[in-house]
Amino acid sequence: MQYLIQIYSNDSVSRYEGLSEEEKQAVMGEYFAISGAPGVTGGAQLQPPTTATTVRVEDGRTLTTDGPFLETKEALGGYYLYEADDLDAAIELAARIPAARLGGAIEVRPLVER
Amino acid sequence: MLAALIGLLGDFDLAEEAAQEAFAIASERWPRDGTPANPGRWLVATARNRAIDRIRRERTLVAKSKLLEVSEAVEDEIEEQVFGDERLELIFTCCHPALAMDAQVALTLRALGGLRTDEIARAFLVPEATMAQRLVRAKRKIKAAAIPFRIPPPHLLPDRLTAVLAVVYLIFNEGYDGRADLAEQAIRLGGALAELMPDEPEVYGLLALMLLHDSRRAARVRDGELVLFKDQDRSLWDWPQVQAGRAALERGLALRGRGPYVLQAAIASLHTAESSDWPQIAALYGELARLAPSPVIELNRAVAIAEAQGPERGLDAIDGLDLDDYQYLHATRADLLRRLGRRAEARIAYERALALARAHPERRFLERRLAELDL
């Protein structure tokens with residue numbers, strides 16, 4: 001089973017910025033360690049939502065708007081793709097992600113299998 | 001039987017359909033050919049064969065599905081271990097914390113209690129369509145998100161067992177204020193858990209707690225009105241059930257249990273004595289409050305303190321509890337104020353409790369107490 005592990009953070013409650021340089025480095029180290037964990041097949045950190053462009057097509061015309069599709073306090077900051085036997089394994093991986101304990105939240109979504 | 005099938009097939013809907021087919025075949029054949037030597041085994045085997053036929057038919061449609069993998073493994077294994085008891089795996093799946101609590105409760109009653117969807121809907125006072133939708137969504141999630149069908153590994157077991165016990169206790173409490181069938185279901189589930197997990201003290205604690213509370217059912221209401229514990233007719237208590245509750249508690253204590261359910265059961269057990277040991281009860285509530293801080297537990301501790309040391313001390317313990325929307329806080333305060341002769345304050349407290357009370361027996365009790373203040 002494949003899972004998209006979405007990392008959400010909320011700048012106003014995130015404790016990341018309050019960390020010392022050393023602690024920040026350690027947190028980044030944790031993210032890289034998870035990237036290399038068995039079963040993790042992909043992932044990336046995203047630029048902030050202010051850099052997003054939303055695209056629609058109406059009557060054949062491409063319309064673009066500045067900003068994310070959904071204006072929410074919690075923004076998708078990155079993701080991993082994870083191949084695991086079951087949801088318990090995915091939950092355990094999600095719980096290891098630093099954002100989960102730093103005021104953010106992780107959303108685990110199974111991919112449709114084809 | 002359903003538990004075994006779900007375990008074998010890894011799919012709730014398929015298992016349910018197969019079980020229904022097997023029962024239909026049985027009702028046709030058994031009267032004609034006689035009942036097989038092992039009816040349970042016969043039903044599981046028949047249902048399993050039906051399910052595999054169905055999977056074979058669908059094989060052309062679904063190129064690669066988990067069901068298919070399961071069914072092949074099942075065909076190999078099935079001859080050796082026909083009918084394992086997989087109720088425990090099933091309850092851990094139904095009570096998985098990735099499912100909403102109301103879905104956990106509904107699934108547990110459906111899969112382990114054998115209740116029909118309309119029965120569960122009625123028990124929880126929701127429309128049948130809502131309950132059906134809830135069950136469908138939960139079953140879909142179990143499959144789509146691969147919620148595992150297994151007894152959790154040791155590092156997950158404590159949390160997961162807590163979740164299972166919470167579901168069983170919630171079912172019990174839904175039944176406590178009237179719907180006896182739910183309380184019975186919960187006690188049956190608790191008994192099954194104790195049988196399946198004989199080394200877990202909290203399982204015995206919960207079973208003991210439910211048995212002891214439920215044993216007073218017949219005495220709790222008289223002429224449609226709530227009867228306070230100390231005014232109950234003890235000859236109406238179900239004494240064999242009290243004994244069973246005490247035995248379960250003994251077992252939990254022998255396993256060195258000191259968790260929330262064991263403590264609550266110990267309190268309930270002290271209440272079955274000829275005269276309640278209030279200082280000991282207050283101490284146990286204190287221990288419980290340290291384990292799981294909660295204003296409701298503090299309120300109960302205050303009641304015990306009032307009995308042990310007088311209403312004045314009980315009121316002191318109630319002051320400052322953050323429970324303004326809780327009818328029992330106001331009912332308790334009202335009773336203590338009444339006993340102290342502070343009628344005006346008692347009246348306000350009774351009225352507040354009455355405004356929050358839902359169940360009829362409790363309303364009647366509060367109304368009578370309020371009327372008596374004027375005498």
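Our subject is the structure that appears above.
Residues numbered from 1 in each chain as written. Chains lettered and ligands numbered in written order. Predicted model: local features only at pLDDT ≥ 70, side-chain atom pairs only at ≥ 80, totals over all residues.

Chemist: What am I meant to see in the pairing of strand β5 (residues 75–83) of chain A here?
Modeler: The two faces of the sheet receive side chains in turn, since in a regular strand these alternate between them. Residue and element names in this part refer to chain A. Strand direction decides the pairing type here: strand β1 (residues 2–9) and β5, joined by eight bridges, are antiparallel. Its bridge partner lying in β5, leucine 4 is registered against leucine 81. Pairing geometry for strand β2 (residues 40–45) and β5, over five bridges, is antiparallel. When the bridges of β5 are listed, glutamine 45 appears paired with glycine 78. (Pairing = 2+ DSSP bridges. Helix = DSSP H or I, 4+ residues; strand = E, 2+ residues; numbered from the N terminus.)

Chemist: Hey, could you run me through the nonpolar core in this one?
Modeler: In globular proteins that are soluble, nonpolar side chains generally tend to be buried together. In terms of nonpolar packing, the biggest core is built from 105 residues, with Ala90 of chain A together with Val168, Ala186, Leu206, Ala208 and Ala265 of chain B touching the most fellow members. Looking at this core, you find at least three residues from each of domain 1 (1–84) and domain 2 (324–375) of chain B. Leave out the neighbours within four places in its chain, and alanine 90 of chain A touches Tyr3, Ile5, Tyr82, Ala84 and Val108 of chain A. (Core = buried A, V, L, I, M, F, W, Y, C linked by C-beta atoms within 7 Å. Buried ≥ 20, exposed ≤ 12 C-beta atoms within 10 Å, placed from the backbone. Domains from an automatic or database assignment. Contact = placed C-beta atoms within 7 Å.)

Chemist: Explanation requested: helix α16 (residues 295–309) of chain B in the structure shown.
Modeler: Because an α-helix packs 3.6 residues into every turn, residues spaced three or four apart end up facing the same way. Residue and element names in this part refer to chain B. End to end, α16 covers 20 Å across 15 residues, agreeing with the expected 21 Å (1.5 Å per residue, within 8%). Burial in α16 covers these residues: Ile297, Glu298, Leu299, Asn300, Arg301, Ala302, Val303, Ala304, Ile305 and Ala306. Where the residues of α16 are buried, they touch α15 (278–291), α17 (311–318) and α18 (327–339). Glycine 310, located one to two residues past α16, shows a positive phi value of around 105 degrees. (Expected span 1.5 Å × (residues − 1).)

Chemist: Just checking my understanding: could you explain the sheet that holds β5 of chain A for this structure?
Modeler: Consider a sheet: its strands pair through backbone hydrogen bonds, and that pairing is either parallel or antiparallel. All names here are of chain A. In spatial order, the strands read β2-β5-β1-β6; together these four strands make up an open sheet with antiparallel pairing. Strand pairing shows two members of the sheet lacking a second neighbour, β2 and β6 (105–110), which therefore form its edges. Geometrically, the sheet is characterised by an average inter-axis angle of 20 degrees between neighbouring strands, direction not taken into account. (Axes fitted to C-alpha atoms, helices over the stretch in contact; angles between N-to-C directions.)

Functional significance is not addressed by these values, which are geometric in nature.
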